[in-house]
Amino acid sequence: MRKRRWIHTVGMMLSAVLLCACGGDELHYLETTTASAVTEATESSAAPFLCTPSDDGVLNYNYFALAGKGLQFQYHDGYLYFIVGNNTTGMSMKGARTPHLVRMNVETGNVTAVCPDPVCAHDYASGCPLYGVSSGGFIVGPDGKYYVFKVYPEPKAGFVMCFVQYDAEQNVLVELSDEAPGYANEFYTERYRFYKDNVYDEETQTYYLTVLRTDLNTYESVPIWKQEKAEGVRTDEVLFVIGDRLYLTDYACLYSVNFDGEDRRVHIEGKVTMNAKTDGEYVYYIDQYELCRRHLENGAEERLGIFPYHNHFELTEKYVYYRTGEDIVLGKARIYGYTSDTVTLSAENLCRYPLQGEGGEEIVYTFAGETADLRPSDWLVVGNYCYCTYTYWEDPDGDGIYRDGDEKRSDSAGEKGRTFTFLRIDLTTDEVDVIAVDEYGEKTVGEIQ
């Protein structure tokens with residue numbers, strides 16, 4: 001029997017003490033408050049936050065994703081990063097604690113704000129450096145600094161948008177741009193940021209799609225590649241960084257250049273798509289819905305016979321993770337604008353495939369039983385655990401018909417703020433922890449469904 005545990009996280013302004021309840025078939029939250037959390041955590045009946053070690057390493061891609069297209073999580077150096085708080089759009093400043101970045105220690109479960117000030121309210125009046133971070137708009141660079149897209153209300157100025165670098169150790173905030181990054185793929189090293197943007201040349205009065213290199217110490221940006229912007233013309237895409245070389249695709253080949261944009265070397269002849277990822281030896285990509293790979297030194301294409309749901313896959317040092325499974329009809333749909341007359345759940349299996357050595361596909365978790373009506377939204381794998389936000393459906397009158405508002409998101413905003421709820425799935429035991437982080441420090445209530 002799978003074991004489910006609810007973990008209620010409170011006191012987000014200072015830190016979070018994670019508590020859990022084990023056993024039985026019912027999912028529930030502990031009845032607790034901020035004042036009693038420390039006392040209850042010392043009782044022998046309270047189960048500890050367990051984290052079993054793994055020899056499988058995490059690959060960080062360091063790409064920046066904009067709000068609406070971004071992932072909810074990033075893992076970096078022992079911490080899982082995500083955003084709590086209200087959405088900024090349409091908010092007034094009064095009493096508004098808009099989104100700010102927090103991190104969870106994956107070994108202890110403790111949650112703390114990235115802002116180092118222990119008494120900061122993370123609102124406009126407090127001057128919090130990470131006030132107003134946009135959903136999905138952050139990464140943690142290899143230099144340990146934070147790169148954040150912020151949107152927030154300001155007196156007499158409407159809404160402010162800016163892209164910043166934040167050094168938490170020095171508590172120094174540097175504005176890199178007064179607008180959102182223009183393209184999703186960005187890559188970072190200890191010293192440089194590589195990204196693509198539209199650059200206007202006043203001399204020729206022409207816009208160029210340009211790959212830029214920004215020095216993260218001096219903030220000087222220089223172009224290392226550019227192409228005149230033209231309707232319907234594909235331009236080269238930045239794929240990843242390995243060592244001291246930047247890898248790109250022009251859809252005819254995969255090539256690399258040094259950090260000055262010179263010494264062009266072709267590694268693979270043929271099409272490699274923008275969704276490519278690498279483990280440093282092979283490049284993995286989707287072609288005609290199938291996962292493929294090629295060795296970076298012009299290896300032959302290997303079609304792996306894997307068709308990931310929504311073309312989404314995650315690489316670790318040892319495995320490729322993806323979702324598969326049959327479509328399951330949950331009920332009828334009477335939802336304005338819905339593209340089907342039934343509500344269908346897909347891809348109930350989380351699978352993995354070994355990158356090296358023998359072995360085939362392995363199903364490591366199935367959304368069944370108490371999680372049968374859930375499906376992951378954003379997810380990643382760290383060691384023995386999968387972390388995911390999720391969607392689920394409610395049928396209040398039990399008639400098997402789903403209407404407007406019956407689809408729910410675990411990370412959606414509520415009346416009192418955005419309670420960020422996600423699952424931690426133990427891929428070795430099938431145990432599921434439901435972790436809810438509330439910026440306001442109030443008790444999170446309710447069941448998954």
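Residues numbered from 1 in each chain as written. Predicted model: local features only at pLDDT ≥ 70, side-chain atom pairs only at ≥ 80, totals over all residues. Heavy atoms only, no water.

Looking only at helices and strands, the protein has one helix and 36 strands in total. Here the protein holds 449 residues, and 51% of them are scored as buried. When contacts within the protein are restricted to residue pairs at least 6 apart in sequence, those whose partners lie at least 24 apart make up 48%. By element, 47% of the accessible surface of the protein is carried by carbon and sulfur atoms, the whole surface being about 20,900 Å². (Helix = DSSP H or I, 4+ residues; strand = E, 2+ residues; numbered from the N terminus. Buried < 20%, exposed > 50% of the residue type's maximum accessible area, 1.4 Å probe, protein only. Contact = heavy atoms within 4.5 Å. Areas by Shrake-Rupley, 256 points an atom, 1.4 Å probe, with all protein chains shown as cover.)

All right, on to the sheet that holds strand 13 (residues 206–215) then. Strand order in the open sheet formed by four strands is 11-12-13-14, with antiparallel pairing between adjacent strands. One side of each edge strand has no neighbouring strand; the edge strands of this open sheet are strand 11 (186–188) and strand 14 (221–228). Averaged over all pairs of adjacent strands, the angle between strand axes in this sheet comes to 35 degrees, irrespective of strand direction. As paired strands, strand 12 (residues 192–201) and strand 13 are joined by 10 bridges and run antiparallel to one another. What sits directly across from Phe194, in strand 13, is Arg213. (Pairing = 2+ DSSP bridges. Axes fitted to C-alpha atoms, helices over the stretch in contact; angles between N-to-C directions.)

Attention shifts here to unusual backbone geometry. Notably, Gln205 is not glycine yet its phi reads approximately 50 degrees, a positive angle. Tracing the backbone shows Gln205 in the loop between strand 12 and strand 13.

Another point: the state of the cysteines. All chains considered together, the criterion is met by zero disulfides. Among the cysteines around Cys115, which has no disulfide bond, Cys120 carries the closest sulfur, lying 3.9 Å off. (Disulfide = S-S within 2.5 Å.)

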